Amino acid sequence: VRKTKSFVMQYEEVSSTMRDLIQDLRFKPNLLLVELRESSVDDQAVKRISKALMDNQSVLTFNLPGNQISVEGAKSLSETLNFNQTITRLDISNNKIGDDGAKALAETIKINT
């Protein structure tokens, strides 16, 4: 049995593999890293991923740099981090989360540390 430890995607449209990612997050308890670098991830995709991450207690690193995430997606991630406290590294650089998105994430991190 092969154990998946990471889900890495770069420079691709996320929609074609979103179903696989959601399945991995829900049913692979040994998944440690999710990397979706410059993969056209938008707020709707982040909401679906965030929902799956609420049930996942193994992912340690969640990287989403260079996507299309706005304040709405940042707030969704913030809510997820209230439930999933195993994520210790989050990279959302080069997105457009704005001040309100950054504040929501900062407040969650402050509460959970």
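Residues numbered from 1 in each chain as written. Predicted model: local features only at pLDDT ≥ 70, side-chain atom pairs only at ≥ 80, totals over all residues. Heavy atoms only, no water.

A word on the environment of Ala74
Stage number 1. One can find Ala74 in helix α3 (residues 71–83).
Stage number 2. Residue classification places Ala74 among the buried residues on the basis of a relative accessible area of 0%.
Stage number 3. Setting aside chain neighbours within four positions, we find Ala74 in contact with Ile69, Ile97, Gly101 and Leu105. (Helix = DSSP H or I, 4+ residues; strand = E, 2+ residues; numbered from the N terminus. Buried < 20%, exposed > 50% of the residue type's maximum accessible area, 1.4 Å probe, protein only. Contact = heavy atoms within 4.5 Å.)

Overview of helix α2 (residues 43–55)
Stage number 1. Relative to the 18 Å expected for 13 residues at 1.5 Å per residue, α2 spans 19 Å between its end C-alpha atoms, a close match to the ideal helical length.
Stage number 2. Asp43, Ala45, Val46, Ile49, Ser50, Ala52 and Leu53 are the residues of α2 that are buried.
Stage number 3. Those residues of α2 that are buried lie in contact with α1 (18–27), β2 (33–37), β3 (61–63) and α3. (Expected span 1.5 Å × (residues − 1).)

Structural notes on helix α4 (residues 98–112)
Stage number 1. Between its first and last C-alpha atoms α4 spans 21 Å; for 15 residues at 1.5 Å apiece the expected length is 21 Å, and the two agree.
Stage number 2. Within the sequence span of α4, burial applies to Gly101, Ala104, Leu105 and Thr108. All buried residues of α4 project into a common sector of 90° when viewed along the axis, lining one side. Exposed residues lying more than 90 degrees from the buried face of α4 are Asp99, Lys103, Glu107 and Lys110.
Stage number 3. For α4, the elements touching its buried residues are α3 and β4 (89–91). (Arc of directions from axis to C-beta.)

A closer look at the nonpolar core
Stage number 1. Leu25, Val34, Ile49, Phe62 and Leu64 are the most contacted members of the largest nonpolar core, which totals 24 residues.
Stage number 2. Secondary-structure elements contributing two or more residues to this core are α1, β2, α2 and α3.
Stage number 3. Top contributing element to this core by residue count: α2, with five residues.
Stage number 4. When near neighbours in sequence (up to four residues on either side) are disregarded, Ile49 contacts Met18, Leu21, Ile22, Leu25, Leu36 and Phe62. (Core = buried A, V, L, I, M, F, W, Y, C linked by side-chain atoms within 4.5 Å.)

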